[in-house]
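Structure assessment
The residues making up each chain are set out below.
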Amino acid sequence: MQDKGSELVAIRRPGTSISSAGLRQLRSHWPFAIVAVVGAVLIFTNLGSDYLWEDEGDTAALASNILKFGVPKAWDGGAFLDSDHGARLNRDLVMVTHPWIQYYLTAASFLVFGENTFAARIPFAIAGWMSILFVYLFVWRLFGNRLTAFSAAALLVFSVQFLLYAKQCRYCALNMLLVVWLFWTFFKMNSARDCVLFILASVFLFHTHPYGIAPVVALGALSLIYRPFVIQRRWILFATPAIALLTLPWLALSSLSSSGSALNTTAAQSAGEFIERCAQAFIESTSVTPLIGSIILFLIAALSIRWKRKDTINPAPSDSASAEQQVAPRFFETNETALLLSALLTIVFYGLATAITQSSDSLWLAGMRYGSAVLPLAAMVAALAIAKVSRTSVLFSILLLLVFGLTKLAQLTPWVAGNPSGLIHFGKYSVGAHVPAKIVDRFLGTGLMAYVRDLWRENPGTVAKSCKFLRENAKPGDVLIVNYGMEPTYFYTRLPQAMGILKEYPVYQRARELKLPERVFGVDHVRWIVWRSAWETGPGYAINDVLRELTERGGRIVTVMEMEETVWENREDIHFHRFSDGTYLFPRTETFPMSRIARVDW
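Below: a short report on this structure. A quick note: this is a predicted structure, and the numbers were derived from the prediction, not measured.

Details of the overall build of the protein
In terms of helices and strands, the protein carries 24 helices and six strands. Relative to its length of 602 residues, the protein is compact, with a C-alpha radius of gyration of 27 Å against a globular reference of 25 Å. Counting only C-alpha atoms and orienting by the principal axes, one finds that the protein spans roughly 105 × 60 × 50 Å. Carbon and sulfur atoms make up 63% of the accessible area of the protein, which totals about 26000 Å². Within the protein, the 45 negative side-chain charges are centred at a point lying 8 Å from the centre of the 54 positive side-chain charges.

Quick look at the state of the cysteines
Following the criterion strictly, the structure yields zero disulfides and no others. Distance from the sulfur of Cys 172, which forms no disulfide, to the nearest cysteine sulfur (Cys 169) is 11 Å.

Details of the sheet that holds strand S4 (residues 526–531)
Across the sheet, four strands lie side by side as S3-S4-S6-S5; this open sheet has mixed pairing. The sheet terminates laterally at strand S3 (479–482) and strand S5 (556–563), the two strands that pair on one side only. The mean angle between the axes of side-by-side strands here comes to 20°, regardless of whether they run parallel or antiparallel. Along the sheet face, helix H21 (residues 462–473) touches S3, S4, S5 and strand S6 (595–601) and points at about 130° away from the line of S5. The strands touched by helix H24 (residues 543–552) are S3, S4, S5 and S6; relative to S4, the strand with the most contacts, the crossing angle is about 165°.

Some words on a nonpolar patch on the surface
Taken together, the side chains of Leu 67, Leu 111, Val 112, Phe 113 and Phe 118 define a hydrophobic patch exposed on the protein surface, amounting to about 490 Å² of accessible area. Here the element with the most residues in the nonpolar patch is helix H4 (residues 101–113); it accounts for three residues. Its location among the elements puts Leu 67 in helix H3 (residues 54–69). Among the residues examined, Leu 67 registers a relative accessible area of 33% and is labelled partly exposed.

Calculation rules
Residues numbered from 1 in each chain as written. Predicted model: local features only at pLDDT ≥ 70, side-chain atom pairs only at ≥ 80, totals over all residues. Heavy atoms only, no water. Helix = DSSP H or I, 4+ residues; strand = E, 2+ residues; numbered from the N terminus. Rg over C-alpha atoms; globule rule 2.2 N^0.38 Å. Areas by Shrake-Rupley, 256 points an atom, 1.4 Å probe, with all protein chains shown as cover. Lys, Arg positive; Asp, Glu negative; His and termini not counted. Charge placed at Lys NZ, Arg CZ, Asp CG, Glu CD. Disulfide = S-S within 2.5 Å. Pairing = 2+ DSSP bridges. Axes fitted to C-alpha atoms, helices over the stretch in contact; angles between N-to-C directions. Contact = heavy atoms within 4.5 Å. Patch = residues over 30% accessible without salt bridge, like charges linked within 9 Å, V, L, I, M, F, W, Y side chains within 5 Å. Salt bridge = Lys/Arg side-chain N within 4 Å of Asp/Glu carboxyl O. Buried < 20%, exposed > 50% of the residue type's maximum accessible area, 1.4 Å probe, protein only.

Any functional reading would require information that these geometric values do not contain.
Here's what the structure looks like:
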């Protein structure tokens, strides 16, 4: 396939150097430079100000242990850290369920910047910002149209969900960058070098998150049936064994060495339940991307071209050549069709992958976390739709871009605005749409304004408040019980933790064999308790169980601080994200009593 914009066009007057022609070519991309700078400000500003939330804490804590042991161990002598009660671990207490790229990348950042919040997030922020660059360059090279490329990049910068993912110490930003690289290498794959790059992109995507295999399978399948991909087809046949060799052993290792994969995935029990999951996956993808608006624009453009053809074709042409000249151009060029098919099939495969393995409730809670790679693909599709409707009108393109970026009209949200609960029932099955509490938030992109405002504000949640208290009042070596958020709490305080492993945990017997300290299994020498009200029985025990055992051993418990329970510190999903003034764009499903910190005197 031809990359229309891949060559610098050095059309120059006699005596003009190629370098000056190239400089003028670069200057022609100044609108994108503005987008790139704005994106950098939105992503990198105050990157280290807000505390890591629970999942980010998992990445940071395991990365810290990589610096000590070379592998992501859940036990470092101070605290046992595994949110799945040991199900993700092998017999050496090494986390093997989730691929390791995000952990090693974070560990490398810790080596450079030290172990702190900024260091934890900066590699992922860079990946998020580079996604903007890659989207622009890929679309420009493919279509040779700067306005379309600009629109795709700008739509990412307008997306609050994209920005939140980019600022996470988690795999989401890597998914977004790597999927664009995958597409880039696939579309120009006509040599052994390109094939090797495609293999690398595929393997990195998988080892960032296993669902990253979805776009690889989608592109591979499309190359077998779509004629313009005939060149890629030959190289895909070479790439497939290499990709399988570098990915499938990890799945085998994970399944044989731990029960984490089985714990975190559930198969549908009926066809109806699978359809329910697919519907929820569709809701999640269309709630944070402009896919709905893109479909509408494509329909408008198609109808417009059809009407134009009816008006322009002469009812009685003098000959076939003149009739052909009067017919309007094709709706899609080859490269446009190829990108649309590739992007949409990848989005479908991501939806199927999550629907096969996750319940509809899990999908509602996780949002697009597992399929974050869909965001740049949806931006490219939307940019193409804008180009098709606006044609060569720059003003109209900018107007549509602003509608897509600053309102929610291109998302699912306004189309379900009349159903405040968001619940949609069909028989015994149901799915949940995300409907903002305020009417204005259902139609306008107010989340972007709140995000920008928060760039210069701290947004402390329960983890931040409890960690600050412990750093000010606890002594080094004081033993702590935390019923949720163990990882970020340990990352910020380094206080040893008790009651990390119960008898019913799958890792209990192995932990005993490894002779972990007795406090890991009980309340020995506990000095502090941080009790999160939203997770009353999360670790498998209730606060009354802890208090009773401490009292029986002679401990006296005194509550020293109460604090608002924010459930998650600052979730990366826009539907659950808490802004600095304590507000949520989407209604909270439940409120909780105050959480508290208690001191144990012996």
